[in-house]
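Okay, here's what each chain looks like letter by letter:
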Amino acid sequence: MKDVVDIPSPTHNDSLGITGMTCASCVARVEKAIARVPGVASASVNLATERAEIRYDGAPVREAVVAAIRGTGYDIEAATLEVGIEGMTCASCVLRVEKAIAAVPGVLSASVNLATERATVQTTDSSAAMTKAIEAAIRGAGYEPQAAKVGATDKAAAREEEQGRLKRDLLIAGGLTLPIFLLEMGSHLIPALHHWLAMSVGRTPLYLLYFVLATIVQFGPGLRFYRKGVPALLRLAPDMNSLVVLGSTAAWTYSVVATFAPGLLPQGTANVYFEASAVIVTLILLGRFLEAKAKGRTSEAISRLMGLQAKTARVQRGSEFVDVALDEVQPGDVVQVRPGDRVPVDGTVLTGSSFVDEAMISGEPVPVQKSEGANVTGGTINKTGSFTYRAEKVGADMMLSQIIRMVESAQGAKLPIQALVDKVTAWFVPAVMLAAALTFGVWWVWGPDPAITFALINAVAVLIIACPCAMGLATPTSTMVGTGRAAELGVLFRNGEALQSLTSANVVALDKTGTLTEGRPVLTDLVLAEGFARSEVMALVASAESGSEHPVATAITEAARAEGLILADADAFEAIPGYGIRASVADRLVEVGADRFMTSLGLDVAAFAQASEGLASRARTPLYVALDGKLAGLVAVADPIKPTTPAAIAALHKLGLKVAMITGDNRRTAEAIAAELGIDEVVAEVLPEGKVAAVKSLRNIGRKVAFVGDGINDAPALAEADVGLAVGTGTDVAIESADVVLMGGDLGGVPKAIGLSRATLRNIRQNLFWAFAYNAALIPVAAGVLYPLNGTLLSPMLAAGAMALSSVFVLGNALRLKRFAPATPARPAPGQSLSAQTLS
């Protein structure tokens, strides 16, 4: 007897990224949780790399491991994959594909967009194997996966090719259907025509002609419905194509029986409905053709953005400039831009000057002057002069590339309002099929003679008139057009949820520095204590502040240099957040900061109280100066308000919003600015770390807060707010923390963003109302509920026309958003903004 050798089951290794761990105890907790999962042989978690290395005894049980990790309070580092999907026609298709993808091991979530025909998948694995598994799941659901990341030219070509096929099928179907329709319907309406056809042609030859023409329509141009609808029926997952197949095939089959085997039908019911089956196919093809054309227009924003990219760049190679392909430009290259050229990549001007049209960024048509040291953005258009600049960001790092990614992300996202649609469409098509079956049964049993004819016509009408397409397109098409129009206006929604959340904001909270104001303060006043000389104090303060990068420090040092003062080196410089700075200059201790800083030093500022109040009442920020531990004076700075700020605040008020200002300035200064601008609420004397608390305080009594900021210290508040809006000229950290990016660099984008979000949500509600009201009202009519009252029945041909036009209506309504124009009040007359004054 041979020995039995146990063959060990194969082991599998896995690696997962984990977020949220901060210490060794986190590591131990996660390791224990993973190790307890049945099937896990060992687990090793690394805090530095934030990854878990897992070995399984047999087949991987990744879902259980992910659940165990999340159960300990941590999360999985998810990768995002995007896959194009061909063949979806309605909301039922979307749900079917989402379920198929979600069932793939390793997939955390899947969101499918009917308008963009793309799936966004969150997975624990971004390998080629995962992509293939997702593609296989899509094929298993009856659809064809495509590469999602293709260029605008490829997308346009594919769209035009599909439109071409639809147009061809429509022309063939229309040409063949028209004779059937004219002869059959004409004979009903014109007795003389009916008599002539009966006497000259005869019933049988006429029916044979109808049969030939209708059959070509049914299985020629109409074959596209069978290719999708029949497999869906066999999978017990019917979709829009299935309804068309059932309805048109029922009419065609009944007509075939009436033509070739009339004896199988009850006496007097051998009527043909070839015109109904052919018209159904033709009208639905017409609807699909119009829908495809309208869908192409909804994605024009992305195509236009991609079209802004330059094809070549004029780059310095040796001692001359030569034209090279855009993808050959590297950071550090010197690029030449001539009049009329499109700026190829992002960079900084080295020589020359010009005016550049930056409408693609700001939405403003006025060209901006560029000279040495100015930043230029790829995709903008040079107007008059020429200049050279150093390339800094190329390829995917360019601002234009980031804009395209943001717009694509927002267009592909699902809004929360879509959840209702998903719940309804999950049972919609099966419910329609059940309604059609009930309609057939009720009419067959209780209908007038010929009952089977009434049963067939009404059941077909129910199948054909139902339109899940309109429900599936209602939200994503409006989202696509709305976010695309926003990009044209210089407003980028980084996710679709922000588009909906912004409509519910009651309060717009504004960070003052850099948002309301220029962010570049100027020195306005210097008040001295007795015994101190002006030039001495100015020179010492400016020397001490030269070690700081704060805008106030820059204002003081620039003012000192403008007076010709010589600045000394500062030693032992120390910045004290929220208070001020301390430094040693020429063996003198210099301390500059707010009144609370002086108080902490034990200095009494009462002598300057009146001067401080006077400056604060004029919206100037007072800072105290102490030299060698003695109060030496008071300096004041003012940050000029941006020219666009008053008009933007007026526009927010016009939208019915409250406006609040959050600032670190003392209350008197803050209230002076608020009074000048008409701001409703002020949260003053806020330390950098206190902005989150300020946002929370504004969210009292159930209010929704939109926060607008631009700096690194605004990032937590942007994340805390219900909606965060970052000024595009701000820091990358602020932009990454925000939901909406205002590319124009001023507050004018805030009312644009809010106005557009409201218009988009209003448009979505209109679409949803139409889609639901259409189906709720016309399905019962198609079933014949009005027949007992007034004898009204809905022809399957009219049902097909109504169904075809319903989705076209939704798309046409969404396209109205392309004409959205924000209403902005006139800008204030010059002199209403703060201005710098000469030193006192």
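Everything numeric in this text was worked out from a predicted model, so none of it was measured.

Calculation notes
- As a convention, each chain's residues are numbered from 1 in the sequence order in which they are written.
- In keeping with the model being predicted, local features are shown solely for residues with a pLDDT of at least 70 and side-chain atom pairs are shown and tallied solely at 80 or more, while totals for entire chains, interfaces and linings include all residues.
- Only hydrogens and water are set aside; all other atoms, that is, all heavy atoms of the structure, feed into the side-chain values.
- Only DSSP runs of H or I reaching four residues or more are called helices, and only runs of E reaching two or more are called strands; each is numbered from the N terminus.
- Accessible area is worked out with a 1.4 Å probe on protein chains only. A residue is then buried under 20% of its type maximum, exposed over 50%, and partly exposed in between.
- The contact rule is simple, with two residues in contact once any of their heavy atoms fall within 4.5 Å.
- Residue-level accessible areas treat just the shown protein chains as cover; the underlying method is Shrake-Rupley with a 1.4 Å probe.
- Whether two strands pair comes down to DSSP finding at least two bridges between them.
- The arc refers to the directions leading from the helix axis to the C-beta atoms.
- Helix axes are fitted to C-alpha atoms over the stretch in contact, other axes to C-alpha atoms as well, and angles between N-to-C directions run from 0 to 180 degrees.
- Angle categories are assigned with fixed cut-offs, so that under 35 degrees is roughly parallel, over 145 is roughly antiparallel, 65 to 115 is roughly perpendicular, and the rest are oblique.
- What a helix is expected to span follows from its residue count: subtract one and scale by 1.5 Å.
- Buried Ala, Val, Leu, Ile, Met, Phe, Trp, Tyr and Cys residues form a nonpolar core when they are joined through side-chain atoms within 4.5 Å.
- Any pair of N or O atoms that falls within 3.5 Å is considered a polar contact. Within protein, one atom must be able to donate a hydrogen and the other to accept it, and sequence-neighbouring residues count only if both atoms are side-chain atoms.
- Surface patches are drawn from residues lacking salt bridges whose relative accessible area is over 30%; two like charges belong together within 9 Å, two nonpolar side chains (Val, Leu, Ile, Met, Phe, Trp, Tyr) within 5 Å.
- Here a salt bridge means any side-chain nitrogen of Lys or Arg lying within 4 Å of a carboxyl oxygen belonging to Asp or Glu.

Quick look at the overall build of the chain
Inference 1: The number of helices and strands found in the chain is 30 helices and 30 strands.
Inference 2: Burial status across the chain gives 51% buried among its 840 residues.
Inference 3: For the chain, long-range pairs separated by at least 24 residues make up 70% of all intrachain contacts whose partners lie at least 6 apart in sequence.
Inference 4: With the model as given, the accessible surface of the chain reaches about 36600 Å², and the carbon-plus-sulfur share is 58%.

Concerning the sheet that holds strand S13 (residues 354-357)
Inference 1: Spatially, S14-S13-S16 is the arrangement adopted by the three strands of the open sheet, whose pairing is antiparallel. Of all strands in the sheet, those with a lone pairing partner are strand S14 (368-370) and strand S16 (381-382), marking the two edges.
Inference 2: Two elements, S13 and S14, share three bridges in a ladder whose sense is antiparallel. Bridged to Phe355 within S14 is Gln369.

Details of helix H2 (residues 62-71)
Inference 1: Taken as a whole, H2 has its buried residues at Arg62, Val65, Val66, Ala68 and Ile69. Buried residues of H2 fall within an arc of 160° about the axis and therefore sit on the same side.
Inference 2: Gly73 sits one or two residues past H2 and shows a positive phi near 100°.

Focus: the packing of helix H28 (residues 749-783) against helix H30 (residues 796-815)
Angle between the axes and distance between the axes are the two parameters that describe a pair of packed helices.
Inference 1: The interhelical angle for the contact between H28 and H30, taken along N-to-C directions, is 170°, at an axis separation of 9 Å. Put simply, H28 runs roughly antiparallel to H30. In contact with Asn763, Gln766, Asn767, Trp770, Tyr774 and Leu778 of H28, H30 contributes Ala799, Ala802, Met803, Ser806, Phe809, Val810, Asn813 and Ala814.

Let's talk about H30
Inference 1: Compared with an ideal rise of 1.5 Å per residue, which puts 20 residues at 28 Å, H30 spans 29 Å between its outermost C-alpha atoms and is within 8% of the ideal.
Inference 2: Counting buried residues along H30, 14 of its 20 residues qualify, which places the element largely inside the surrounding structure.

Quick notes on the nonpolar core
Inference 1: Counting residues in each nonpolar core, the largest one holds 142 residues, and the members touching the most others are Met88, Ile101, Ile134, Phe493, Val708, Leu725 and Val740.
Inference 2: At 14 residues, H28 tops the list of elements feeding residues into this core.
Inference 3: Core analysis: the next-biggest nonpolar cluster, separate from the first, contains 29 residues, Val324, Val337, Met406 and Ala487 among them.

Quick look at the sheet that holds strand S3 (residues 51-56)
Inference 1: Taking strand neighbours across the sheet as the criterion, the four strands line up as S2-S3-S1-S4 in an open arrangement whose pairing is antiparallel. The open sheet has two edge strands, strand S2 (40-46) and strand S4 (75-76), and neither has a second partner.
Inference 2: Of the strand pairs in this sheet, strand S1 (residues 12-19) and S3 are connected by six bridges, and their pairing is antiparallel. Looking at S3, one finds that His12 is bridged to Tyr56.
Inference 3: Of the strands in this sheet, S1, S2, S3 and S4 touch H2, which is tilted by about 30° from S1.

Some remarks on the side chain of Asn382
Inference 1: Inspection of the secondary structure assignment puts Asn382 in strand S16.
Inference 2: Asn382 has contacts with Val337, Arg338, Pro339, Gly340, Asp341, Ser354, Phe355, Val356 and Phe387, leaving out every residue within four places of it along the chain.

Structural notes on the side chain of Asp525
Inference 1: Mapped onto the fold, Asp525 is located in strand S20 (residues 522-528).
Inference 2: The exposure class of Asp525 is buried, given its relative accessible area of 8%.
Inference 3: Within polar-contact distance, the side chain of Asp525 engages the side chain of Thr524 at 2.7 Å.

A closer look at the environment of Ala684
Inference 1: By the element assignment, Ala684 lies in the loop between strand S27 (681-683) and helix H25 (691-698).
Inference 2: C-alpha separation for the pair Ala684 and Thr669, spaced 15 residues apart in sequence, amounts to 8.8 Å.

Re the environment of Leu698
Inference 1: Inspection of the secondary structure assignment puts Leu698 in helix H25.
Inference 2: Overall, the relative accessible area of 3% leaves Leu698 in the buried class.
Inference 3: For the pair Leu698 and Val507, spaced 191 residues apart in sequence, the C-alpha to C-alpha distance is 7.7 Å.
Inference 4: Once residues within four sequence positions are removed from consideration, Leu698 is found in contact with Ala509, Ala660, Ile662, Glu681, Val683, Arg703 and Val705.

Digging into a nonpolar patch on the surface
Inference 1: A cluster of nonpolar side chains, contributed by Val442, Trp444, Val445 and Trp446, occupies part of the molecular surface with about 510 Å² of accessible area.
Inference 2: Inspection of the secondary structure puts Val445 in helix H14 (residues 418-446).
Inference 3: With a relative accessible area of 58%, Val445 lands in the exposed category.

Examining the pattern of salt bridges
Inference 1: A full pass over the atoms with the stated rule returns 24 salt bridges.
Inference 2: The salt bridge involving Arg224 is made with Glu162; its shortest N-O contact spans 3.3 Å. Here Arg224, found in helix H8 (residues 223-234), pairs with Glu162, found in helix H5 (residues 152-189); they are 62 residues apart in sequence, far enough to count as distant.
Inference 3: Where Glu358 meets Lys370, a salt bridge forms, and the shortest distance between an N and an O atom there is 2.8 Å. With Glu358 in the loop between S13 and helix H12 (359-362) and Lys370 in strand S14, the pair connects residues that are 12 residues apart, well separated along the chain. Like Glu358, the residue Lys370 is buried in the burial classification.

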